[in-house]
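# Structure assessment
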Amino acid sequence: MYAPAQTSDSMTRSRRIIAVLALVVVTAGCAADGPATPTPADGETNVTVSVENDGETPYTAEVLLVPERLGQLNVEYDDGVSQPVTNLSAVRGVYAFAWRNVTDVRLPPGVEARSSTRFQLGPGDRVETRLSAPAGDATLVVVIRQNDRVAAWATMYCGWENTLGRVDVRASAGNPGRFTGVDLSCAQR
């Protein structure tokens, strides 16, 4: 049997079609807008958290979601002294701190974070994550760390009758660092 010879034009066209089809198959499902949003279980909600470094030095941001009302954090200084910081969720809102010479901020014994995420941020960087949280009475903690020090930290609480909705944090590092903005949006349950 004899097959007619193909011209280079028809071969090139065939190769292009194959290349385009291969590209479509490889990239299928990759066109989503960011990470998939977790589907919350009954009694839960999604919380969107963004952290932006608006300073001139890099830092690590740690985001902790505590599934309950958080009454205190333990702060440790570079001289080894530890001190509790209390009344963090006495009322709905944001409590932000930037103290000198703090080396660590920890949850009190018996309290565990439901989720904990760390991000490295350079100057001008911004990250966003979505967390699944219990509807009501959850506390969000954001800790800004730089060079074995805690530059700043904040807690966000919406009260029992509301739930965390969205949190946008802007911070810079130093000794101490500073929060240049914390926007907390609460949603009714």
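All values reported here derive from a predicted model rather than from experimental measurement.

## Topic: the overall build of the protein chain
Helix and strand counts for the protein chain stand at one helix and twelve strands. Taken from the N to the C terminus, the helices and strands of the protein chain come in the order α-β-β-β-β-β-β-β-β-β-β-β-β. Each of the 189 residues in the protein chain was classed as buried or not, and the buried ones make up 38%. Here the analysis covers contacts within the protein chain between residues at least 6 apart in sequence; of these, 72% occur between residues at least 24 apart.

## Details of the sheet that holds strand β2 (residues 59–66)
Strand order in the open sheet formed by five strands is β5-β10-β9-β2-β7, and the pairing between neighbours is antiparallel. Two strands bound the open sheet, and with one partner strand each, they are β5 (93–97) and β7 (115–121). For this sheet, the mean angle separating the axes of adjacent strands, direction not counted, is 15°. Bridge analysis of β5 against strand β10 (residues 149–157) gives five bridges, and the strand direction is antiparallel.

## A short note on the pairing of strand β4 (residues 82–86)
Relative to β4, strand β3 (residues 72–77) runs antiparallel, the two being bridged by five bridges. Within the sheet, the bridge partner assigned to Glu76 lies in β4 and is Ser82. If you look at the hairpin formed by β3 and β4, you'll find four residues sitting between the two strands, and Gly80 has a positive phi there, around 90°.

## Quick word on the pattern of salt bridges
Throughout the structure, instances matching the rule amount to twelve salt bridges. In this structure, Arg145 and Glu62 form a salt bridge, with 2.9 Å as the shortest nitrogen-oxygen distance. With Arg145 in strand β9 (residues 139–146) and Glu62 in strand β2, this residue pair connects regions lying 83 residues apart in the sequence. The class of Arg145 is buried, set by a relative accessible area of 15%. A relative accessible area of 8% places Glu62 in the buried class. For the salt bridge of Asp183 with Arg170, the shortest nitrogen-to-oxygen distance reads 3.3 Å.

## Description of the side chain of Thr129
Looking at the secondary structure, you find Thr129 in strand β8 (residues 126–134). In contact with Thr129, not counting residues within four places along its chain, are Val47, Thr48, Val49 and Phe119.

## A look at the state of the cysteines
Across all of its chains, the model carries one disulfide by this definition. Disulfide pairing places Cys158 opposite Cys186 at an S-S distance of 2.0 Å. Taking the sign of the S-S torsion, -80° for the link of Cys158 and Cys186, the bridge is left-handed. Of this pair, Cys158 sits in the loop between β10 and β11 (162–172) while Cys186 sits in strand β12 (residues 178–188), placing them 28 residues apart in sequence. For Cys186, a relative accessible area of 25% puts it in the partly exposed group.

## Observations regarding the nonpolar core
In terms of nonpolar packing, the biggest core is built from 27 residues, with Val51, Tyr59, Val63, Leu140, Ile144 and Leu164 touching the most fellow members. Residue assignment for this core shows that the elements contributing at least two residues are β1 (44–53), β2, β7, β8, β9, β10 and β11. The residues touching Val51, leaving out its near neighbours within four places in the chain, are Tyr59, Ala61, Val63, Leu121, Asp125, Arg126, Val127 and Val169.

## Topic: the confidence of the model for the protein chain
One rule of thumb: low pLDDT means the predicted coordinates there are not for detailed reading. Residues at a pLDDT of 70 or more form 78% of the protein chain, whose mean pLDDT is 81. Below pLDDT 50 for its whole length, residues 10–37 participates in four contacts with residues either more than four positions away or in separate chains.

What counts and what doesn't
- Residues numbered from 1 in each chain as written.
- Predicted model: local features only at pLDDT ≥ 70, side-chain atom pairs only at ≥ 80, totals over all residues.
- Heavy atoms only, no water.
- Helix = DSSP H or I, 4+ residues; strand = E, 2+ residues; numbered from the N terminus.
- Buried < 20%, exposed > 50% of the residue type's maximum accessible area, 1.4 Å probe, protein only.
- Contact = heavy atoms within 4.5 Å.
- Pairing = 2+ DSSP bridges.
- Axes fitted to C-alpha atoms, helices over the stretch in contact; angles between N-to-C directions.
- Salt bridge = Lys/Arg side-chain N within 4 Å of Asp/Glu carboxyl O.
- Disulfide = S-S within 2.5 Å.
- Core = buried A, V, L, I, M, F, W, Y, C linked by side-chain atoms within 4.5 Å.
- pLDDT = per-residue confidence, 0-100.

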